[in-house]
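Examination of the molecular architecture
In case you want the letters, here they are:
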Amino acid sequence: MPEDASLRQPPTSARPARWHDVLCVLPHRDGDLARLDELAAADAPVVTVIGKYNHGKSRLLNELMRRDAFAVADRRQTIQLAECRHAGVRWLDAPGLDADVAGEDDRHAFRAVWLASDIRLFVHAAREGELDAAERALVETLRADSHRTRRETLIVVTQADQMEDDDALGRVVSAIADQVPGAGLYVVSSTRHRRGLEDAKTLLIQRSGIPELERALADALARVPAARAHEARLLLGEIRAELETVRNAEAETLASLRQQQMAQRHAFDDGLETLLAVIGGDMEEVVSRAGPDLALVADTGRERYATTAAKLERARIQVAYSRACIRLDGFLAGHGVSGLPQEQQTAAGSLNTVMVAVMGVSVKFRADLRRMFCEEAGRARLQAAFAHYFELSRSRAALRDRVAEASAALDATDRALAALPADAAP
Amino acid sequence: MGVKIFNGKDVQDFLRVIANLDGTGGNERAKQVVHRIVSDLFKTIEDFDLTPDEVWLGINYLNKLGSEGEAALLAAGIGLEHYIDMRLDAEDAELGITGGTPRTIEGPLYVAGAPEQKSKARLDKNPDADAGPLRIHGIVTGPDGAPVADALVEVWHSDSKGFYSHFDPTGRQSEFNLRGAIRTGADGRYEVLTRMPASYGCPPSGATQTLLNQLNRHGNRPAHVHFFVTTDAFRKLTTQFNIEGDPLIWDDFAFATREGLIPHVVERTGGAAVGFEEDAYRDIEFNIELTPKVAGKDNQIVERARAAA
């Protein structure tokens, strides 16, 4: 390994600290953010060689770098991403793109092809004939990406020397050209180039196709700074637009939940106020009967099993009070208010109701009923006490949780937008 | 229409099958009781020509009663608990047992485990602005009038809102507030300092009061203080006294009021001397006379589910 060659494992995901807030909202933008990191680093341009194993990727790289920086073998190679610097360019050899590539290799391949590369050399051995379905699909994807990000892809037909004759080579090249119309197509032979260099044979070097490829590469490399600036603007713009879309949706959700919260409370308050006014009117009649309040007159032991006027009056008052409570209870149940919160529940199930907690079970005489239902202050006390339990009810608590969640989501998106730089500077 | 089929052979045979009267196994007593109760229910349906809707209303009511946990409350309201007391009284009369402090119903709100104190206890642990200071004291004696030492006097009552500690849905009372267990000394005396209880009733929109509404009855009780008095030598006494002057005293929905259980309430001053913060307080003397065991046994012990803390 030459001294200036560096082999490293660069990070394969976005820098967490810089993009934490954005990743919280748009985790699927991890790749784009990692690419923005690469762009922000403003390092030398990256040329990635892509292709199936044994199609001569490493040999091509070695020729382009004029040295044997990358291991060459006839078995599947380039398991790990290797990077070498030469002539102001970082050269990356991607793991072989094959059906059996999975796991670690995929990550490295992804990084080499998508995160790091500015220019892709898509390598295909001439002897294999046309591109197969997987290669075609990848080339299509790369060309679509070129269109979007302006990262260029050069298609390189390698091992031209292994073909029987020029006709056979010509047929393959033309077939490939038909498969990817409009793509820059370069036919090379690493073997000829090496021999030409070793034997100082200029013609052989020319016939290797490498000089022509190098010229095309030099042109493409000259376009990299402009392409990078375009790509950074593009990615930031897309991410900002997506964040704004998310933010608008979240703001709308939050506003609608708050609206629902207010509407529920208003419906509860208004309904209860109306009902208490109706009950107050009815109760006014119950408690303003003329004559002495017989309910306060005690009976005697001799009357224990007798019906007395006092007993009838106590029954009348209590039944009226009970009916008022049953109406209130029905209203409360309609608004999801009936059982007590867990922490207030007692061993006596019959007492674990909001009605009992608010009204108590003490005996109510005329004066009590007048104070509770017929006076403004009494009704206001009941209104406030029931509203307290309304807010503690399960459905209200659930709605409150949803509002808190929506509010937190909106805050997170605002943080993400604030964390997004105006341009791609580091 | 009013069809009459109850006395026919079909219905009578049917009733015997329902209770499995002629089959073997099971509990004979349970069979007899179920046979009688279902027979009486069938007869009621026939006599009043109840419609199917009315019958289902009743069945759904039982579900409501159960889900609200008010069965014990309804038992008091329809006089079951007092009827049991009437029978125990009649039994005593037959056995020739007279005298003693009258028993009355226990109610569903006793909690076992109040810390035991010697001779005197302060029961109120939480402030209650609507309940004035109340001193209750007395002497526990046997049938011969002699003081009973080491009697355990358990006392429990409501606060001014009608709530008992451990059963207060507002969560305002601490454990064993207004509850106490006092062990008498050689003089047989007990004394508690507490706050005045309130008259209270059934939950106003609950299952019991809903049924009482149909009877045009209230579900209220006069203010009262519960007692258990337990000794080794005598029968355990379960009773309550009512607060004199309460208009509900003879109009108790649970029918627990008895002559002899309405001690005088005396207005006193000098609260500091007995241990109150206030000067004016009310004073109730409630003496307790226990009754002898029957053939060495307490024939009145009631086993029922009770809360403990």
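As the structure is a computational prediction, the values presented were derived from the model and not from experiment.

Concerning the overall build of chain A
Along chain A, the regular secondary structure elements total 15 helices and six strands. Within chain A, the fraction of its 426 residues that count as buried is 36%. Sequence separation of at least 24 residues holds for 70% of the intrachain contacts in chain A that already meet a minimum separation of 6.

Some thoughts on the domain arrangement of chain A
Residues and elements named next belong to chain A. Annotation of chain A at the domain level lists domain 1 (16–222) and domain 2 (258–418). The C-alpha-based centres of domain 1 and domain 2 are spaced at 77 Å. Counting residues at the interface gives four residues for domain 1, matched by four residues for domain 2. Along the lines of polarity and charge, the residues of the side of domain 1 that touches domain 2 split into three nonpolar, no polar and one charged.

A few points about the pairing of strand 5 (residues 152–157) of chain B
Residues and elements named next belong to chain B. Relative to strand 6 (residues 179–183), strand 5 runs antiparallel, the two sharing five bridges. Looking at the pairing, valine 153 lines up with isoleucine 182 of strand 6. Bridge analysis of strand 5 against strand 10 (residues 224–230) gives six bridges, and the strand direction is antiparallel. Counted as the bridge partner of valine 155 is phenylalanine 227 from strand 10.

Focus on the environment of A:Glu128
Residues and elements named next belong to chain A. Checked against the element boundaries, glutamate 128 lands in the loop between strand 4 (119–125) and helix 5 (133–149). On the neighbour-count criterion, glutamate 128 (17 C-beta atoms within 10 Å) is partly exposed. Separated by 35 residues in sequence, glutamate 128 and methionine 163 have C-alpha atoms that sit 9.9 Å apart.

Considerations on the interface of chain A and chain B
The interface of chain A with chain B comprises 39 residues on the first partner and 39 residues on the second. Here the side of chain A that touches chain B takes twelve residues from helix 11 (residues 309–334) of chain A, the largest share from any one element. In terms of residue class, the side of chain A that touches chain B is made up of 20 nonpolar, twelve polar and seven charged.

Some thoughts on the sheet that holds strand 5 of chain B
Residues and elements named next belong to chain B. With mixed pairing, the five strands of this open sheet are ordered in space as 2-6-5-10-11. Looking at strand neighbours, the two that pair on one side only are strand 2 (116–118) and strand 11 (237–242), the edges of this open sheet. The mean angle between the axes of side-by-side strands here comes to 25°, regardless of whether they run parallel or antiparallel. Bridging between strand 2 and strand 6 involves three bridges; their strand directions are parallel. When the sheet's bridge partners are listed, glutamate 116 is paired in strand 6 with alanine 181.

Some remarks on the domain arrangement of chain B
Each domain of chain B was delimited in the assignment, giving domain 1 (9–50) and domain 2 (75–308). Summarising the inter-unit geometry, the C-alpha centres of domain 1 of chain B and domain 2 of chain B are found 40 Å apart.

What counts and what doesn't
- Residues numbered from 1 in each chain as written.
- Chains lettered and ligands numbered in written order.
- Predicted model: local features only at pLDDT ≥ 70, side-chain atom pairs only at ≥ 80, totals over all residues.
- Helix = DSSP H or I, 4+ residues; strand = E, 2+ residues; numbered from the N terminus.
- Buried ≥ 20, exposed ≤ 12 C-beta atoms within 10 Å, placed from the backbone.
- Contact = placed C-beta atoms within 7 Å.
- Domains from an automatic or database assignment.
- Nonpolar A, V, L, I, M, F, W, Y, C, P; charged D, E, K, R; others polar.
- Pairing = 2+ DSSP bridges.
- Axes fitted to C-alpha atoms, helices over the stretch in contact; angles between N-to-C directions.

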